[in-house]
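# Commentary on secondary and tertiary structure
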Amino acid sequence: MTDFLLKRDIENETVDTESAEKINPLADKAIGVFDSGLGGLTVLKEIIKLLPNENTVYFGDSGRTPYGSKSADTVRRFSRQNTRFLLEQGVKMIVIACNTASAQAYNEVRQIAGVPVIEVITPGAQAAVAKTTNRRIGVIGTRGTVQSGVYAQALARSSGRQLHISQQACPLFVGLAEEGWWNNDIVKSVAGVYLEPLIKDNIDTLVLGCTHYPLLAEAIGQVMGPEVELINAGHFVAEQVMQQLRRDKLLNAQKQLGWHQYFTSDSASHFQQLGSSFLEQRIQAAGHIEIENY
Ligand code: DGL
């Protein structure tokens, strides 16, 4: 298990005493975002919504997905390569838009990044604690995320009170999401099997602890029922991004809308097609990257 939560909190207490007018010369650079595939687009979408003037570079490692069933060492190596690729694009910040990589590689990414790094676990845990009324919270994620124990740690740290936490790994969800099967009978029947123990556990809040899962949110919501609140951390992560950029005087001051670049380690046309339908705006171009070269 990683100690990134503690380190992050300490880092956030740093107070910038420079004048508010002084803008960091890197402010017009892009925000770099990576995930094991399409899932991180659920985070990118919220970043673009909240910070429309920011430029972004997205890398989806669809050629090596899923991360959730790979060893921590492999996820760390992949995450370092993804980070090096984004740094080569001159980004001013790295957003690890993947729970598995946040859980297993946050410290490694921070060590090589030299720019601020945002993870996706703490914001979701905080949102879940704020929402629950019966203090029974469910977490679904990849096997890697669930086994790392980071959600239990983050939830406990975010709550002053005793919580009942039920966790469930849902590895098949990632393949379904990458395939574009977001809400059909197969997804609902797989979800029915995975989510049954959480329904029995009477949770009132469910953390979608994998950035691919919001793509399946409709099906998951139908299985869980309307009384269970689904937590998609994307919006809360975007808020973290904004706060960190503000603290570092890195907010882009341009008046026009930002530009967005997309790269993948698998088929660029598949990424373009599914990515556009998810983002609800056409991805004009996506580049193919040989990520093993980084
Ligand atoms: N979307 C990723 C996550 O949030 C990884 C899914 C996977 O590749 O297994 O964990």
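The following paragraphs examine the structure supplied in this document.

Scoring rules and cut-offs
- Residues numbered from 1 in each chain as written.
- Predicted model: local features only at pLDDT ≥ 70, side-chain atom pairs only at ≥ 80, totals over all residues.
- Heavy atoms only, no water.
- Helix = DSSP H or I, 4+ residues; strand = E, 2+ residues; numbered from the N terminus.
- Contact = heavy atoms within 4.5 Å.
- Polar contact = N/O pair within 3.5 Å; in protein donor to acceptor, adjacent residues only side chain to side chain.
- Pairing = 2+ DSSP bridges.
- Axes fitted to C-alpha atoms, helices over the stretch in contact; angles between N-to-C directions.
- Parallel < 35°, antiparallel > 145°, perpendicular 65-115°, else oblique.
- Left-handed = near helix turned anticlockwise from the far one by under 90°.
- Nonpolar A, V, L, I, M, F, W, Y, C, P; charged D, E, K, R; others polar.
- Near = heavy atom within 4 Å.
- Areas by Shrake-Rupley, 256 points an atom, 1.4 Å probe, with all protein chains shown as cover.
- Disulfide = S-S within 2.5 Å.
- Buried < 20%, exposed > 50% of the residue type's maximum accessible area, 1.4 Å probe, protein only.

Let's shift gears to the environment of Thr42. Within the secondary structure layout, Thr42 lies in helix H2 (residues 41-50). Apart from the residues within four sequence positions on either side, Thr42 is in contact with Thr211, Pro214, Leu215, Gly234 and Phe278. Only 2.9 Å separates the side chain of Thr42 from the backbone oxygen of Thr211, close enough to count as a polar contact.

Let us look at the sheet that holds strand S2 (residues 56-60). Overall, parallel pairing links the six strands, which are arranged S4-S3-S1-S2-S9-S10 in an open sheet. Edge strands, defined here as strands with exactly one partner in the open sheet, are strand S4 (117-118) and strand S10 (287-288). With two bridges connecting them, strand S9 (residues 260-264) and S10 associate as parallel partners. Within S10, the position partnered with Thr264 by the bridge is His288. Lying on the sheet, helix H3 (residues 72-88) is in contact with strand S1 (31-35), S2, strand S3 (93-96) and S9; it crosses S1 at an angle near 155°.

As a further point, take the sheet that holds strand S7 (residues 205-208). The strand order across the open sheet built from four strands is S6-S5-S7-S8, with neighbouring strands paired in parallel fashion. This sheet does not close on itself; its edge strands, each paired only once, are strand S6 (164-169) and strand S8 (229-231). Averaged over all pairs of adjacent strands, the angle between strand axes in this sheet comes to 20°, irrespective of strand direction. Bridge count between strand S5 (residues 136-141) and S7: four bridges; the pairing is parallel. Bridging from a neighbouring strand, Ile137 pairs with Thr205 of S7.

Where helix H8 (residues 172-179) contacts helix H9 (residues 185-200), the two axes come as close as 11 Å, and the packing angle between them is 165°. Compared by their axis directions, H8 and H9 come out roughly antiparallel. Our pair here, H8 against H9, has a crossing hand that is left-handed. Listed contacts from H9 to Leu172, Phe173 and Leu176 of H8 are Ile186, Val187, Val190, Ala191 and Tyr194. Tallied by class, residues from the contact of H8 with H9 come to eight nonpolar, no polar and no charged.

This part covers the packing of helix H5 (residues 121-131) against helix H11 (residues 234-247). In contact at an axis separation of 8 Å, H5 and H11 are set at 120° when each is read in the N-to-C sense. Overall, the two elements H5 and H11 adopt an arrangement that is oblique. The handedness of the crossing between H5 and H11 is right-handed. Judged by residue contacts, Pro123, Gln126 and Ala127 of H5 engage Phe236, Val237 and Gln240 from H11. Split into classes, the residues belonging to the contact of H5 with H11 amount to four nonpolar, two polar and no charged.

Moving on to the site of the ligand. Ser36, Tyr67, Asn99, Thr100 and His212 are the nearest of the 14 residues found near the ligand. Interatomic distance of 2.6 Å between a backbone N/O atom of Tyr67 and an oxygen atom of the ligand. Asn99 is positioned with one of its backbone polar atoms (N or O) 2.7 Å from an oxygen atom of the ligand. In the complex, the protein chains occlude 99% of the 300 Å² of accessible area that the ligand would expose alone. Class assignment of the residues belonging to the shell around the ligand gives a composition of five nonpolar, eight polar and one charged.

On to the state of the cysteines, then. Overall, the coordinates contain zero disulfides when judged by the stated rule. With no disulfide partner, Cys98 has as its closest neighbouring cysteine sulfur the one in Cys210, 6.8 Å distant. Taking relative accessible area as the criterion, Cys98 reaches 4% and is therefore assigned buried. Free cysteine Cys170: the closest other cysteine sulfur is in Cys210, separated by 8.9 Å. The class of Cys170 is buried, set by a relative accessible area of 0%.

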